[in-house]
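What follows is the residue order along each chain.
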Amino acid sequence: MSAPLPADEPLICSSRGCRAPAQWALRWNNPRLHDADRRKTWLACADHRTSLGDFLDARGFLREVVPVTGSPTLEG
Ligand SMILES: [Zn+2]
């Protein structure tokens, strides 16, 4: 399994208007729109991990939150 994140681009928080570097990847799935094994990814800085995560979790979409290091050496 390879992460669908672009390796050579800066990872920026997905929160509207936020330009902070992302530290977390929130992996989510809307069962009304997506196959069960599909994952959408939102990136979040430390400040927005909670707000974005709560948004998804309140809707039952949040599947996992994983750290984003930006390191190309990180595998598996
Ligand atoms: Zn942010």
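The structure reproduced in this document is the subject of the present report. (Residues numbered from 1 in each chain as written. Predicted model: local features only at pLDDT ≥ 70, side-chain atom pairs only at ≥ 80, totals over all residues.)

### Some words on the overall build of the protein
Threshold: Helix numbers and strand numbers start at the N terminus; a helix is a DSSP run of H or I with at least 4 residues, a strand a run of E with at least 2. Remark: C-beta atoms are placed from the backbone, and a residue is labelled buried if 20 or more other C-beta atoms sit within 10 Å of its own, exposed if 12 or fewer do, or partly exposed between those counts. Once C-beta atoms have been placed from the backbone, residue pairs whose C-beta atoms lie within 7 Å are recorded as contacts.
The helix and strand inventory of the protein stands at one helix and three strands. Secondary structure elements of the protein, listed N to C terminal, follow the sequence β-β-α-β. Out of the 76 residues belonging to the protein, those deemed buried represent 17%. Relative to all contacts within the protein whose residues are 6 or more apart in sequence, the contacts with residues 24 or more apart total 60%.

### Thoughts on the pairing of strand β3 (residues 62-67)
Put simply, the rule reads: Strand pairing follows a simple DSSP-based rule, namely that at least 2 bridges must link the two strands.
Across the six residues that make up β3, only a small minority, zero, are buried. Alignment of strand β1 (residues 24-28) against β3, held across five bridges, turns out to be antiparallel. In the strand pairing of β3, Leu 26 is matched with Val 65.

### Description of the sheet that holds β3
Let me state the cut-off plainly: Angles here are taken between N-to-C directions and fall from 0 to 180 degrees, while the axes themselves are lines fitted to C-alpha atoms, restricted in helices to the stretch in contact.
Judged by pairing direction, the sheet is antiparallel, and its three strands sit side by side in the order β2-β1-β3 without closing on themselves. Both outer strands of the open sheet, β2 (40-44) and β3, are each paired with one neighbouring strand and no more. With strand direction ignored, the average angle separating the axes of adjacent strands in the sheet is 25°. For β1 and β2, the ladder comprises five bridges, and the chain directions are antiparallel. Bridged to Arg 27 within β2 is Thr 41. Across the face of the sheet, helix α1 (residues 49-58) comes into contact with β1, β2 and β3 while running at roughly 5° to β1.

### A short note on the nonpolar core
Going by this rule: In plain words, the nonpolar core is the set of buried Ala, Val, Leu, Ile, Met, Phe, Trp, Tyr and Cys residues that C-beta atoms within 7 Å link up.
Membership of the largest hydrophobic core is limited to 11 residues, which are Cys 13, Ala 22, Trp 24, Ala 25, Leu 26, Trp 28, Trp 42, Leu 43, Ala 44, Cys 45 and Leu 52. If you list the elements that add at least two residues to this core, you get β1 and β2. Per-element tally for this core: the top contributor is β1, with four residues. Discounting residues that sit within four places of it in the chain, Leu 26 has contacts with Thr 41, Trp 42, Ala 44, Leu 52, Gly 53, Leu 56, Leu 62 and Val 65.

That's the geometry; what it means functionally is another story.
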